[in-house]
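Observations on the model geometry
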Amino acid sequence: MGQDRINREERRDMDFQKNQLLTTEIIDISTEGEGIGRVNGYPFFIKDTIIGDQVEIRAIKLKKNYGYGRLEKVITPSPFRVTPSCCFHRQCGGCQIQAMSYEQQLAFKHNKVRNNLLRIGGFGPEELDRIMEPVVGMEEPFRYRNKAQYPIGMDKEGNPVAGFYAGRTHSIIANTECLLGVDENRTILEAILQYMKEYGISAYEEVSGKGLVRHVLIRKGFTSGEIMVCLVINPEHMKGRTGIREKNSKREWLPHQKELIERLVAIRGMTSISVSINCEKTNVIMGTEIYTLWGKERITDTIFVRDVDNCFARTGDGIAFSISPLSFYQVNPVQTEKLYSLALSYAGLSGKESVWDLYCGIGTISLFLAKKAKQVYGVEIVPQAIDDAKNNAKINDITNAEFYVGKAEEVLPEYYKEYEKTHNGETAHADVIVVDPPRKGCEESLLQTIVDMQPEKVVYVSCDSATLARDVKFLRAKGYELKDVTPVDQFPHTVHVEVVCCLHRVNS
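Below: a short report on this structure. From a predicted model like this one, the values you see are computed outputs, not experimental measurements. (Residues numbered from 1 in each chain as written. Predicted model: local features only at pLDDT ≥ 70, side-chain atom pairs only at ≥ 80, totals over all residues. Heavy atoms only, no water.)

**Quick look at a positive patch on the surface**
A grouping of Lys18, Lys61, Lys63 and Arg168 is seen on the molecular surface, where their side chains present a positively charged patch. Tracing the chain through its elements places Lys18 in the loop between helix H1 (2-13) and strand S1 (21-29). Judged by its relative accessible area of 59%, Lys18 is exposed. (Patch = residues over 30% accessible without salt bridge, like charges linked within 9 Å, V, L, I, M, F, W, Y side chains within 5 Å. Areas by Shrake-Rupley, 256 points an atom, 1.4 Å probe, with all protein chains shown as cover. Salt bridge = Lys/Arg side-chain N within 4 Å of Asp/Glu carboxyl O. Lys, Arg positive; Asp, Glu negative; His and termini not counted. Charge placed at Lys NZ, Arg CZ, Asp CG, Glu CD. Helix = DSSP H or I, 4+ residues; strand = E, 2+ residues; numbered from the N terminus. Buried < 20%, exposed > 50% of the residue type's maximum accessible area, 1.4 Å probe, protein only.)

**What about the sheet that holds strand S11 (residues 270-277)?**
An order of S8-S7-S6-S9-S10-S11-S12 is seen for the seven strands of this open sheet, with the pairing classed as mixed. Two strands in the sheet have a free side with no partner beyond their single neighbour: strand S8 (172-174) and strand S12 (289-295). Across the sheet, the mean angle separating the axes of adjacent strands is 35° when strand polarity is ignored. As judged from the seven bridges shared by strand S10 (residues 227-233) and S11, these two strands associate in the parallel manner. Bridging from a neighbouring strand, Leu231 pairs with Val275 of S11. On top of the sheet, helix H5 (residues 184-199) reaches strand S6 (147-154), strand S7 (160-165), strand S9 (213-220), S10 and S11; it is set at about 150° to S9, its chief contact. (Pairing = 2+ DSSP bridges. Axes fitted to C-alpha atoms, helices over the stretch in contact; angles between N-to-C directions. Contact = heavy atoms within 4.5 Å.)

**Re the pairing of strand S4 (residues 54-62)**
Relative to S4, S1 runs antiparallel, the two being bridged by five bridges. Within S4, the position partnered with Thr24 by the bridge is Val55. Bridge analysis of S4 against strand S5 (residues 67-76) gives eight bridges, and the strand direction is antiparallel. For Glu56, the partnering residue across the bridge sits in S5 and is Lys73.

**Topic: the state of the cysteines**
For the structure on display, the rule yields zero disulfides. In this model Cys95 remains outside any disulfide bridge; the closest cysteine sulfur is found in Cys178, 6.0 Å from its own. With relative accessibility at 10%, the residue Cys95 sits in the buried group. Here Cys442 stays unpaired: no disulfide links it, and the sulfur of Cys501, its closest cysteine neighbor, is 10 Å away. (Disulfide = S-S within 2.5 Å.)

**Some thoughts on unusual backbone geometry**
Positive phi is not limited to glycine here, since Arg143 has a value of about 55°. Assignment of secondary structure puts Arg143 in the loop between helix H4 (125-131) and S6. With a phi close to 60°, Phe312 is a non-glycine residue in the positive phi region. When its relative accessible area of 14% is taken as the criterion, Phe312 is described as buried.

**Regarding the environment of Ser324**
Looking at the element boundaries, Ser324 is found in the loop between strand S14 (313-323) and helix H7 (333-347). Judged by its relative accessible area of 6%, Ser324 falls in the buried class. Separated by 49 residues in the primary sequence, Ser324 and Ala373 have C-alpha atoms spaced 28 Å apart.

**Focus: the packing of aromatic side chains**
On inspection of all chains with the given rule, the structure shows 15 aromatic pairs. Ring geometry for Phe321 against Tyr329: centres 5.9 Å apart, planes inclined by 55°, an arrangement best described as tilted. Relative accessible area serves as the criterion here: at 4%, Tyr329 is assigned to the buried category. Among the aromatic residues, those joined into a ring-pair cluster are Trp356, Tyr377, Tyr404 and Tyr415. Taking NZ or CZ as reference, Arg214 lies 3.9 Å from the ring centre of Tyr204, over its face. Across the ring face of Phe123, the terminal group of Arg476 is positioned such that the distance to the ring centre comes to 3.8 Å. (Phe/Tyr/Trp six-rings, centres within 6.5 Å; stacked < 30°, edge-to-face > 60°. Lys NZ or Arg CZ within 6 Å of the ring centre and 35° of its normal.)

If you want it as structure tokens, here you go:
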């Protein structure tokens, strides 16, 4: 019987040849944005295709139960297909679904979240229809990123170039006009590239480890208009040396540094110019040593609370944030305001609550919560992020927020145990617990501690609806009921979608 199955699979493989041209209709789309078509019942995954497309593909990889195809030609376009605004979208791979109409992108993301809750979370369709809201989209789904990191390289003629890596490669596609970034990015990059060309400044070369300029980081405060430029450099004299040098060092880190600064300072909004030292052979972009060449060490920006019941109109209640080159800060401030306002609304705070904010970063959600809660405790593993969080609390005159460095999976259980010891066995309690974990979701030990602390509400912000569904399933089994789910399109033209949901404790 086993041999018969193997023979059937072998016969199926023999139906196709690598590089064979085939035609198919795209009938579905994967969670990674690849179109799915079938040829004689055999599924192919094809990048850059849309549901409804009739396409010609080339078979490029054949496995036992599925294959991969490369789009050669759209024979009949889908009614959901649009002409991408960026001519590099297929090469770059950063905007996996830019050829899909924005309305259909939102539908795709809604279904992605819904299907994960059905398949992994164990929900019924009717239940989800009752509690799940439509995806919160953008009026203008371009120019939304307040941060961009451009690798720097050399073209075949030896000219410096900036752009993005082609999908799954480290080959740079020369492009200074990414439509997801702010308008100023192009002007800044062209100034840097022209400076490098005029003065013979070398670009970093990964194989040899030689060359000076590796990346350019650009950040812009959408509210303040302040711009930060940080050049990641690989200076020869720094290799093999460790230790933080004086922040006020007057060293000229770049040849003809004054000329570069003069060009960048002429750009409206320029506030901070710095270098980050990275001499390691690594995929990590930023180094740990940063030196300010001109202006301030940081820029500022403000995130405003929005009224979720009034079409997300701004309320005028804003939180200011101080941002360094290394700060974690959400890249889409317009949607971040909606996301965090939903989280705040779901928490339903009256001013009497004790709230824990796990994976708090630089305190973005924590400080939103602190405006409405009695006390907020934030936990984050990155020490610098906690320093930023404390500084941001000070900037905003918020005194009811405390921050702890450590793994949420360790800090909260340790707090729980210590509280019992010092309070004669009394159980530690939180009114609301907010979690915003990385893609891997929450560890089960943390979820169990959350259950043990018996918060009335758990607000879960997620960047991966699959791990969200898994964790929600655990909490449901422990006495919590999912009441609200809203996806938020934080990254238009990509397959990624954020979700904020609220679980309520069921009284036993």
